[in-house]
Amino acid sequence: MTELSLPSRFDGIAEKLNGPNTLGNSRAFWIAFAVGMFVMVAYPFARGSYAAGQTSLFLVYGLLALSLSLIWGYTGILSFGQVAFFGIAGYTYAIVSLNLGGVFGQTVALPIAIAVSTLSAFVLGYFMFYGGVQNVYVAILTLVVTLVLETFMAQTAGSEWAVGSVKLGGFNGIPGIRNFALGVEGASISLSGSGFYWFVLALLLGAYLGGRALVNSKYGYALVAIREDAERTAMFGYNVKRVKLAIFTFSGALAGLSGVLYSTWGNYMDPSVFTITFATIPIVWVTLGGRESLLGAIVGTIIIERLRLWFSVNASEFAIVFVGVILMTVVLVLPRGILPGIRQIYLFLNENGPRAAVDHGQTVIKARIREALQTVGIDASDPDTPSSSEVVRE
Amino acid sequence: MSTPQDPNVREQPAVAATGSNRETILSTKGLTKKFGGLTAVDNVDFSVDEGELRCLIGPNGAGKSTLLELITGQLTPTDGEIYFDGTDLGELEPHERMDAGISVKFQSPHIYESLTVEQNLHVPLQRTSRDIEPVMERTLDRIALTEKADEPASDLSHGEKQRLEIGMAITLDPKFMILDEPVAGMSIDETGDIADLIQSLHDDGMTFLVVEHDMEFVRKISERVTVLSQGSILEQGPIEEIENDEQVRRIYLGENA
Amino acid sequence: MTSGFGATGALTPLIIGDFLGFLDSIGVPVVQLLQIADNFAFITLAAIGLTVIFGMMGVINLAHGEFIMMGAYITTLSVNVASLPLPVAMLLGALGTAAFGAVIERTIVRRLYGRLLDSMIVTFGLGLILTQGTRIIFGNTLQSIGTPFGEVPGYTYSGYRVLLMFVAIAVLSAAYLVFTRTEFGIRARATIQDAETARAMGVDTDRMYTTTFAIGSGLAGLTGALYAPSATIVPGMGQAFLVESFVTVVTGGSTVLLGTTLAGGVLGTIDAIFSNLYGNFFGQLALLLTAIIVIRLLPDGLTGLAYRIRDKLGERQ
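Along each chain, the written sequence defines residue order, and numbers are assigned to residues from 1. By the order in which they are written, chains take letters starting at A while ligands take numbers starting at 1. Owing to the predicted nature of the model, reporting of local features is limited to residues with pLDDT of at least 70; listing and counting of side-chain atom pairs is limited to 80 or more, with chain, interface and lining totals taken over all residues.

Draft legend 1. Representation of the overall build of chain B in the model. Each helix and strand counted, chain B has nine helices and ten strands in total. Counting the 257 residues in chain B, one finds 46% classified as buried. Residue pairs in contact within chain B that sit at least 24 positions apart in sequence constitute 65% of those at least 6 positions apart. Only DSSP runs of H or I with at least four residues qualify as helices, and only runs of E with at least two residues qualify as strands; both kinds are numbered from the N terminus onward. Exposed residues have 12 or fewer other C-beta atoms within 10 Å of their own C-beta, buried residues have 20 or more, and residues in between are partly exposed; the C-beta atoms are placed from the backbone. Whether two residues are in contact depends on their C-beta atoms, placed from the backbone: they are in contact if these lie within 7 Å.

Below you can see the structure in the form of structure tokens.
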């Protein structure tokens, strides 16, 4: 912490934000971070309000990615259900704000929507964690919950499916959600374009720094300890179920906030948020960026969404194939994600200089290629000698 | 997380006192655990006195590990009760039992491989100590890992991992320490280190229940020995008596010879 | 469309119809039972490939739905394009998917043993590629091959769906026999329990994993093949099986085949009741709630319950 050499009252803050559970703690990291933030803040001036409004979707998704990084990357609980809480909050916001109408309705809808998604996460989490559900079973159950929600929302096309004056609308969803706004009639702000962009950026920054403080706190140690060995951690007197439930509920709230912003961004809500494809997307973001890194989750989100946008314009039918390929490649080749990878390269360069780094890189790449070739070679070779793969892996 | 449990619990009187003049800290009554058709622990009445260093021996499959897991709460008994320090453990979750003063080192090292040695110790420490640094230093010194404090735990040798896990368990400052095969797979030197560590903790007043196969080690540290066979207590007493017992020799020690 | 089943095929619905008419006449609620049997068949067939791979290898294959889709596509294309008889086409569907599964195990899944969640994610990615790849190559839908046999006389019920119930039982029995009574099954289970010991005893564990994964994949492909005549053939068709198969894995518990059978029976009944009364969504919701309740009350699923009952009965004797 001392290397920051900031005035002493910042030391306390720095101490809370830095720690073993985040990758970037050095002065160089924070300088790079500040430069990055500057670029992000300046973006609307360079590209205009419309582009900023479009790009703000990536930042909205960034909140969803953070929620998954906390629950999966830090606590080791793979949840396919973050999009469920995201969707529940979005739908709730739509229903409440459209029923009440006006800016006041929107202001009231925000806490209600987040409360409903938080409560949903709490109830599901309670049944899972206090029911002794673990590992892959959590992943399966959260996925099933999401798919059941899709089935439910898809069959609400009839006029009998309405809450107050708002029809759920089946596949067509709920249109006409207004831009994000807070306040009361006469004294309110409504956000779109650059304004919405900066607002979401501020929320994302807050969530990121808050997340850093969380994972570097005592609580963060408990999360990581549970990820590494839940049984051992219980034997140190930690109430593992309660910690899991708490972080799952918190993640549900964060996903809910993201869902509300999403519904006001696109001005509609439809069941596509509960599909298996959309449920996978956050996992792709977080896997690519680095699941044990909060910043990685956000960076991964922006990269993937930028590329998905490119595909949807230029080769829409290959977008999903691309997502699948990314998912498989990253897990197989770079299981910790790109940000930890970059950090390793940075550390290596610092210690050994660029020359050694290039040599080392060549060795690693050669080894990888050889390994890959041998895998394929084994497939082509006689199936009666599969034990040779043992040798390869050594 | 670190909220203490119901304050009433510890004030209940101790039960099932044995003939010893010391207070009983742990006792079981009719403890039974069945797995399908197999009875792993069969109607066991067992007790350990405060400040004792008890060894639990017996052939493979005698039910030793099952008995330990019933005490820690990883397993739920089919029948019977366990009392610790006057509390009925039956209602308590594993983590609540640890709060009550039990601590455990598992058979195979259970440490956080991806964390450093210091971070490993940090996990139990932050629950129990306000002032972490001095306890951290003392513990590192005690388990002789001060030099390796910043190394990832995955880089440690088997013996060092065992020491680290014991270190983690003692930072909870337990009244009752369970060690499941603390010297399995260790060199003679390492075994000696562990014996010294256990002795020094025992001298400080910690109660131990140790499962171990290494009879040399048992002879070195133990006061009293309990022999478990086929889920029941076969014999109990000082180590010299046990080693000369015909039945025990036939069933257990004979197997080792 | 009954090509390959011949004259006996045409007779089947008549025989079934007579049999059901007889049951009806003695007061058996035939229509309801048919619905339950149909759901039982659907659920067990949907789950069997997934549970074999999960139960034997601990790997959740999230491309399971796409393996089913693959079986259905191979079957449909074999009939439509190559004009093969339906049974042969179905066999091809199962074998083709099994071969594909073997390749996937060799190249991908193998690298992820011990990383369960990662293997889930990778197979998920594979599923996305398969679905969309199929859409790119074959378009949004294939022409359906139509259901053989027609309806059971006197009931608005497809004779083919009734037949599937018997097929489901046959598949479960065959899988049971393979994994408990054959040399392969014994070796496979030894590998699953303790790979190192099995290797020391001369079992080629790598091959066991590949074969087991191939069998699980083949069973998924067979499911797709069996439902090909009565389903709409679209790239996303595998998703129709997902909820049922995952709920079965969760509910069934640790013992693969017994768990699947029990869960299939229980869930099939529940699904039949709720789907018929309130529609597909409530059927799925009921399944989900059942799974959650079962997990809450029975830590080891229905298998655990069955074993506990057996122990209790054993004690009394």
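Draft legend 2. Local environment of helix α5 (residues 158–171) of chain B. Residues and elements named next belong to chain B. Between its terminal C-alpha atoms α5 stretches 20 Å, which fits the 20 Å expected from 14 residues at 1.5 Å a residue. Most of α5 sits out of view: twelve of its 14 residues are buried. Among all positions of α5, only Glu160, Lys161, Gln162, Arg163, Leu164, Glu165, Ile166, Gly167, Met168, Ala169, Ile170 and Thr171 are buried. Next to the buried residues of α5 lie β6 (102–105), α3 (117–128), α4 (132–142), β7 (176–180) and α6 (188–203). After α5 finishes, the residue Asp173 shows a positive phi value of roughly 55°. A helix is expected to span 1.5 Å multiplied by its residue count minus one.

Draft legend 3. How the structure looks around the environment of Ile71 of chain B. Residue and element names in this part refer to chain B. Along the polypeptide, Ile71 turns up in helix α1 (residues 64–72). Residue Ile71 is classed as buried on the basis of its 24 C-beta neighbours within 10 Å. Considered as a pair, Ile71 and Ser27 are 44 residues apart in the sequence and their alpha carbons are 9.7 Å apart. Among all residues touching Ile71, those that are not within four sequence positions of it are Ile82 and Ile178.

Draft legend 4. Structural context of the domain arrangement of chain A. Domain annotation for chain A reports domain 1 (29–294) and domain 2 (346–393). The start and end points of each domain follow an automatic or database-based domain assignment. Here domain 1 of chain A and domain 2 of chain A have C-alpha centroids that lie 39 Å from each other.

Draft legend 5. Geometry of the nonpolar core. For the purposes of this analysis, a nonpolar core is taken to be any set of buried Ala, Val, Leu, Ile, Met, Phe, Trp, Tyr and Cys residues that are connected through C-beta atoms within 7 Å. Counting residues in hydrophobic clusters, the biggest one holds 270 residues, and the most contacted among them are Leu66, Ile140, Val144 and Leu327 of chain A. In terms of residue count, helix α2 (residues 30–57) of chain C provides more of this core than any other element does, 16 residues in total. For Leu66 of chain A, the residues in contact, after removing those within four places along its chain, are Ala207, Tyr208, Gly211, Leu254, Leu294, Ala297 and Ile298 of chain A.

Draft legend 6. Molecular detail of the confidence of the model for chain A. Residue and element names in this part refer to chain A. On a scale of 0 to 100, pLDDT captures the predictor's confidence in every residue. In this model, chain A carries an average pLDDT of 85, and 91% of its residues clear a pLDDT of 70 or more. Scored below 50 in pLDDT, residues 1–6 shows nine contacts in the model against residues more than four places distant or in partner chains. Contacts for the low-pLDDT stretch residues 378–394, under 50 throughout, to residues beyond four places or in other chains number 14 contacts.

Draft legend 7. Region of interest: the packing of helix α3 (residues 64–80) of chain C against helix α9 (residues 205–227) of chain C. Residues and elements named next belong to chain C. Every axis in this analysis is a line fitted to C-alpha atoms, fitted for helices over the stretch in contact. Angles between the N-to-C directions lie between 0 and 180 degrees. At a minimum axis distance of 6 Å, the contact between α3 and α9 shows a crossing angle of 55°. Considered as vectors, α3 and α9 are oriented oblique to each other. Note that α3 runs across α9; the crossing there is right-handed. Two secondary-structure elements touch here, α3 through His64, Phe67, Ile68, Met69, Met70, Gly71, Ala72 and Thr75 and α9 through Ser217, Ala220, Gly221, Leu222, Thr223, Gly224, Ala225 and Tyr227. Roughly parallel means an angle under 35 degrees; roughly antiparallel, over 145; roughly perpendicular, 65 to 115; everything else is oblique. Two helices crossing with the near one rotated counterclockwise from the far one by less than a right angle form a left-handed crossing, whereas a clockwise rotation gives a right-handed crossing.

Draft legend 8. View of the interface of chain A and chain C. Contact with chain A, which involves 40 residues of that partner, is made by 41 residues of chain C. If you list the elements that add at least two residues to the side of chain A that touches chain C, you get α5 (135–154), α10 (276–289), α12 (319–333) and α13 (338–380) of chain A. Each residue belonging to the side of chain A that touches chain C can be placed in one class, and the counts come to 27 nonpolar, eleven polar and two charged. Gly falls in the polar group here, along with every residue not listed as nonpolar (Ala, Val, Leu, Ile, Met, Phe, Trp, Tyr, Cys, Pro) or charged (Asp, Glu, Lys, Arg).

Draft legend 9. Spotlight on the sheet that holds strand β5 (residues 87–88) of chain B. Residues and elements named next belong to chain B. One bridge is not enough; two strands pair if DSSP finds at least two bridges between them. Here we have four strands laid out as an open sheet, ordered β2-β1-β4-β5, and antiparallel in their pairing. Of all the strands in the sheet, just β2 (38–49) and β5 have a single pairing partner and so form its edges. α1 rests against β1 (24–35), β2 and β4 (79–84) of the sheet, and its axis sits at about 65° to β2.

Draft legend 10. The pairing of β1 of chain B, seen in detail. Residue and element names in this part refer to chain B. In this structure, β1 lies alongside β2, joined through eight bridges in antiparallel fashion. In the strand pairing of β2, Leu26 is matched with Val48. Connecting the antiparallel pair β1 and β2 is a turn made up of two residues, with Gly36 showing a positive phi of about 55°. Two strands pair when backbone bridges link them, and β1 and β4 are joined in this way by five bridges, in the antiparallel orientation. Across the sheet, Thr32 pairs through a bridge with Asp79, a residue of β4.

Draft legend 11. Quick look at the packing of α5 of chain A against helix α5 (residues 116–138) of chain C. As a packed pair, α5 of chain A and α5 of chain C sit with axes 9 Å apart at the nearest point and diverge in direction by 35°. In the packing of α5 of chain A onto α5 of chain C, the handedness of the crossing is right-handed. For the pair formed by α5 of chain A and α5 of chain C, the contact residues are Asn135, Val136 and Ala139 of chain A on the first element and Leu116, Leu117 and Met120 of chain C on the second. Looking at the contact of α5 of chain A with α5 of chain C residue by residue, the class counts come to five nonpolar, one polar and no charged.

Draft legend 12. Layout of the sheet that holds β7 of chain B. All names here are of chain B. Strand order in the open sheet formed by six strands is β6-β7-β8-β3-β9-β10, and the pairing between neighbours is mixed. Each edge of the open sheet carries a strand with a single partner, namely β6 and β10 (232–238). Adjacent strand axes in the sheet meet at a mean angle of 20° when their direction is disregarded. Where β6 and β7 come together, four bridges link them in parallel fashion. Bridge pairing in β7 places Lys105 opposite Leu179.

Draft legend 13. Quick peek at the pairing of strand β3 (residues 53–57) of chain B. Residue and element names in this part refer to chain B. Burial runs high along β3: five of the five residues are buried. Here β3 shows a buried face lined by Leu53, Cys55 and Ile57 and a second buried face lined by Arg54 and Leu56. Bridge count between β3 and strand β8 (residues 207–211): four bridges; the pairing is parallel. Bridge pairing links Cys55 to Val210 in β8. The pairing of β3 with strand β9 (residues 224–229) spans four bridges and is parallel. Note on β9: the bridge partner recorded for Leu56 is Thr226.

Draft legend 14. Molecular detail of the domain arrangement of chain B. Residue and element names in this part refer to chain B. Split into domains, chain B comes out as domain 1 (24–101 + 175–257) and domain 2 (105–173). Distance between the C-alpha centres of domain 1 and domain 2: 23 Å. On the domain 2 side, the residues contacting the 14 residues of domain 1 number 13 residues. Every element with two or more residues in the side of domain 1 that touches domain 2 is listed here: β7 and α6. Element by element, the count of residues in the side of domain 1 that touches domain 2 is highest for α6, at four residues. Each residue belonging to the side of domain 1 that touches domain 2 can be placed in one class, and the counts come to seven nonpolar, three polar and four charged.

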